[in-house]
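# Topology and contacts: notes
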Amino acid sequence: MDRHLLDRLRSVSRSEPDGRRGAFYGWYVVGALFFATFLGVGTRQGFGVFVESWERDFGVSVGTISAAAAVGWVGNGLSQPLFGRLTDAFGGRRVLVASTVAMGLGTVAMAGAQNVFALLVLYGFVVSAAGGGVFPTPAAAVVSRWFQRRRGTAMSFVTFGGSAGGIVLVPFAAYLLLATDWRVAWLAMGGLVLALGVPLLLAIVRSDPGELGLQADGDDHHDERVGAGPRPAVHAQTGPLVAREWPDSFRTSPIWQLSLAYGVCGVTTAMASVHYVRWAATEGISPGTAALAFGLLSAINGAGLLTVGAISDRMQRKNLLGGVYLVRAVAFVMLVALPGVPALWTFAVIGGMSWLATVPLTTSLTADVYGLRHIGTLNGLVTMAHQLGGAAAVLVAGFAFDRFGTYDVSFLAAAALLVVAGLLSLTIRERAYSTRFQPVTAEAAATGRSYPTAAS
Amino acid sequence: MGTALFRFVLHHSEAVDPTLARWLRDEIDHLLGLPTAAYVGLLGAAIVAFPLGLLWMARRRGPNPGAQAGEGSRDRGQRGAP
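Throughout, a residue's number is its position along its own chain's written sequence, starting from 1. As a convention, the first chain written is A and the first ligand written is 1, with the rest following in written order. Restriction of local features to residues with pLDDT of at least 70 applies here, the model being predicted, together with a cutoff of 80 or more for giving and counting side-chain atom pairs; totals for whole chains, interfaces and linings are based on all residues. With hydrogens and water set aside, each side-chain value is computed from the structure's full complement of heavy atoms.

### Concerning the overall build of chain B
In DSSP terms, a helix is any run of H or I states spanning at least four residues, a strand is any run of E spanning at least two, and both are numbered starting from the N terminus. Assigned secondary structure in chain B consists of two helices and zero strands. Of the accessible surface of chain B, which amounts to about 4300 Å², a share of 62% is contributed by carbon and sulfur atoms. For accessible areas, the Shrake-Rupley method is used with a probe of radius 1.4 Å. Any residue's cover is judged against the shown protein chains and nothing else.

If you want it as structure tokens, here you go:
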């Protein structure tokens, strides 16, 4: 029988230590993290629904209200390494629960905001920053502990929670706003977070399968990995480049390759997200049509995300990651090379396939290479590069448009950066550095030292 | 640049574009034509159903083995864990 099919059957249905048979408990954890991501991302995306109400009630411009969103963006990025460090120190469950409580309370407090300054503080510094304690860093750290062989698949499901939040929670907020008012809507969303999200995390999520007497993927022994043939027992909790202290990881090349490439991901997605509708206007396309195309892009990204996540467990992740960046580069070139409407839809389709696919690939590859000892901190730093790169790109693209009167320069620069990101990803020596391909000895797992031969 | 500089992004977790949100609502209205309260009820039910269903499945699977396996032991200090 096909080896992957055997792995799949083994992972889905398994005897637990107490003799019960059922789905591997890790999938319940994935379900709970999916819902936490659904709430965290959906609540933050819902912010856009209320802009017109706040404009009217507070008597301020869209630009002023948008400053709160911008602060939230940066706050979310800066909080990632902190939550990552806390995750490494105290376990993902505690960070997830505490962050979800803070996010829920902040969301409820939004209902009582009396001015735009309160919005800025609550959304920018509380809801958005606390959201960083849910997704992606702590969630990725927990998933990485529960899954090794199917890490990409599991992480893609959790990431898909963000897409689902946009599809379900944002319309829910919009209709609630129509039926009641914005204060009731925020109160309801906060109530959902506190009444459903927190109990679900408390009831189901454990930071590590060892807490339930289980092992990653539901295995009895971690003695199998990508490639045929029997292997010696190894420590799945560590990776070939695991370091005693997390700063030592930055003496190795993969973390730089992953961070720089993910920074380019932030640059290009933020640039497109923020300037796509405005670019459409310069091409004579209506904002509604541009928004529709961007909606199509968002819908396609869910399918692309799940597909890429599943495939990544069967081949080298770096090849897929590089491919995703190169596909996105093609999408940006199309924006410049094609006329307005064809460019709009071509970008939506091609760009959509690559939009969120980088998340499970990057977080899984980081865990594969650096193990789990500092996975929260490392994922947090990589994600911070993404968010800050995005913030910088929005500014630069805006100034470039003012200077040149066209987005062609920015879009071509984005394509060039994506080619660089693709090459950085493709040149990661995954077979040499990944725990999927390289056994890690018990001695190395115990000492957590860097591997000189692999660190060059 | 003003507004355009801070337009909202729909990537990872940023706020939805108001134009897109309005379009989405209009399309759903056009497609289904239900009263607003019905949308709130349906979407709300879907949101509530997922966690309740997951909890039910987890409960049906049996008592949480964590209760017998030293729950929280790893939470107290993961740094030393290989």
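### Overview of unusual backbone geometry
Residue and element names in this part refer to chain A. Between Phe 135 and Pro 136 the backbone carries a cis peptide bond, its omega angle lying at 0°. Among the secondary structure elements, Pro 136 is positioned in the loop between helix H6 (116-131) and helix H7 (137-146). With a phi angle near 65°, Asp 217 is a residue other than glycine that sits in the positive phi range. Mapped onto the fold, Asp 217 is located in the loop between helix H9 (182-204) and helix H10 (253-282).

### A word on the packing of aromatic side chains
Residues and elements named next belong to chain A. Pairing of aromatic rings covers Phe, Tyr and the six-membered ring of Trp, with a centre-to-centre limit of 6.5 Å; geometry is then stacked below 30 degrees between planes, edge-to-face above 60, and tilted otherwise. Applying the stated criterion across every chain, the model contains 25 aromatic pairs over all chains. Ring geometry for Phe 34 versus Phe 160: centroids 6.4 Å apart, planes at 35°, classification tilted. Residue Phe 34 is found in helix H2 (residues 25-45), and its partner Phe 160 is found in helix H8 (residues 151-179); the two are separated by 126 residues along the sequence. Only protein chains enter the area calculation, which uses a 1.4 Å probe; residues under 20% of their type maximum are buried, those over 50% are exposed, and those in between are partly exposed. Residue Phe 34 is classed as buried on the basis of its relative accessible area, which comes to 16%. Judged by relative accessible area, Phe 160 falls into the partly exposed class, the value being 24%. When the ring of Phe 332 is compared with that of Phe 347, the centres are 5.2 Å apart and the planes differ by 80°; the resulting orientation is edge-to-face. Pair noted here: Phe 332 is in helix H12 (residues 317-337) and Phe 347 is in helix H13 (residues 340-354), with a separation of 15 residues, a long-range link. An aromatic cluster of at least three residues, connected via ring pairs, comprises Phe 24, Tyr 25, Trp 27, Tyr 28, Trp 146, Phe 147 and Phe 157.

### Description of a nonpolar patch on the surface
Residue and element names in this part refer to chain A. Like charges within 9 Å and nonpolar side chains (Val, Leu, Ile, Met, Phe, Trp, Tyr) within 5 Å are joined into patches, using only residues over 30% in relative accessible area that form no salt bridge. Each reported salt bridge corresponds to a side-chain nitrogen of Lys or Arg within 4 Å of a carboxyl oxygen of Asp or Glu. On the surface, Leu 296, Val 327, Val 349 and Met 353 cluster together into a nonpolar patch covering about 280 Å² of accessible area. Counting through the fold element by element, Leu 296 comes out in helix H11 (residues 287-312). Since its relative accessible area comes to 31%, Leu 296 is described here as partly exposed.

### Considerations on H12 of chain A
For H12 of chain A, built from 21 residues, the straight-helix expectation of 30 Å at 1.5 Å per residue is met to within 8% by its first-to-last C-alpha distance of 30 Å. Arg 317, Lys 318, Leu 320, Leu 321, Gly 322, Val 324, Tyr 325, Arg 328, Ala 329, Ala 331, Phe 332 and Leu 335 of chain A are the residues of H12 of chain A that are buried. Residue count minus one, scaled by 1.5 Å, sets the expected span of a helix.

### A word on the pattern of salt bridges
All names here are of chain A. In total, this model carries seven salt bridges over all chains according to the counting rule given. A salt bridge links Asp 368 to Arg 151; the shortest N-O distance between them is 2.6 Å. Note that Asp 368 is positioned in helix H14 (residues 358-370) and Arg 151 in helix H8, a separation of 217 residues in sequence. By the burial criterion, Asp 368 is buried, and Arg 151 matches it.

### Re the confidence of the model for chain A
Each residue carries a pLDDT value, the predictor's own confidence for that position, ranging from 0 to 100. Summing up the model confidence of chain A, the mean pLDDT is 84 and the portion of residues at 70 or higher is 86%. Here residues 222-235 of chain A is modelled with pLDDT under 50, and outside its nearest four sequence neighbours on either side it reaches 31 contacts, counting other chains as well. Note on definitions: a residue-residue contact is assigned when non-hydrogen atoms from the two residues lie within 4.5 Å.

### Considering the nonpolar core
Residues and elements named next belong to chain A. Leu 33, Phe 50, Trp 54 and Phe 332 are the most contacted members of the largest nonpolar core, which totals 129 residues. A per-element tally of this core places H2 first, with 13 residues. Two domains each put at least three residues into this core: domain 1 (24-208) and domain 2 (246-445). Each residue touching Phe 50, except ones within four places of it in the same chain, is listed here: Ala 173, Leu 177, Trp 182, Ala 185, Trp 186 and Met 189. Residues enter a nonpolar core if they are buried and are Ala, Val, Leu, Ile, Met, Phe, Trp, Tyr or Cys, with the set joined through side-chain atoms within 4.5 Å. The split into domains, and so the bounds of each, comes from an automatic or database assignment of domains.

### Description of the packing of helix H4 (residues 62-90) of chain A against helix H5 (residues 92-110) of chain A
Two packed helices can be described by the angle between their axes and the distance between those axes. Residues and elements named next belong to chain A. As a packed pair, H4 and H5 sit with axes 7 Å apart at the nearest point and diverge in direction by 130°. Here H4 is positioned oblique relative to H5, judged by the angle of their axes. Contacts between H4 and H5 pair Phe 83, Leu 86, Thr 87 and Phe 90 from the former with Gly 92, Arg 94, Val 95 and Ser 99 from the latter. Classification used: nonpolar for Ala, Val, Leu, Ile, Met, Phe, Trp, Tyr, Cys and Pro, charged for Asp, Glu, Lys and Arg, polar for all others including Gly. Among the residues making up the contact of H4 with H5, the classes are represented as four nonpolar, three polar and one charged. Axis definition: a line fitted to C-alpha atoms, over the contacting stretch in the case of helices. Angles run 0 to 180 degrees between N-to-C directions. Orientation categories follow fixed angle ranges, with anything under 35 degrees roughly parallel, anything over 145 roughly antiparallel, 65 to 115 roughly perpendicular, and all other angles oblique.

### Examining H8 of chain A
All names here are of chain A. Here H8 is 29 residues long and its end C-alpha atoms lie 41 Å apart, about the 42 Å a rise of 1.5 Å per residue gives. The bend at a residue is defined as the angle formed between two axes, one fitted to the seven residues ending at that residue and one fitted to the seven starting there. Of all the bends found along H8, the most pronounced is centred on Gly 165 and spans about 35°. In terms of residue burial, H8 counts as a mostly covered element, since 23 of its 29 residues are buried.

### Topic: the environment of Gly 322 of chain A
All names here are of chain A. Its place among the elements puts Gly 322 in helix H12. In sequence terms Gly 322 and Gly 422 are 100 residues apart; their C-alpha atoms lie 4.0 Å from each other. Discounting chain neighbours no more than four positions away, the residues touching Gly 322 are Gly 422, Ser 425 and Leu 426.

### As for the packing of H2 of chain A against H8 of chain A
All names here are of chain A. Where H2 meets H8, the closest approach of the two axes is 7 Å, and the angle between their N-to-C directions is 40°. Both H2 and H8 take part in a crossing whose hand is right-handed. Counted by class, the contact of H2 with H8 contains 15 nonpolar, nine polar and no charged residues. Each crossing gets its hand from how the near helix is turned against the far one by less than a right angle, where anticlockwise is left-handed and clockwise is right-handed.

### What to know about the confidence of the model for chain B
All names here are of chain B. Averaged over every residue, the pLDDT of chain B is 66; residues scoring 70 or more account for 49%. Confidence over residues 1-13 falls short of pLDDT 50; this stretch has 60 contacts with residues more than four positions distant or in other chains. Here residues 66-82 is modelled with pLDDT under 50, and outside its nearest four sequence neighbours on either side it reaches 44 contacts, counting other chains as well.

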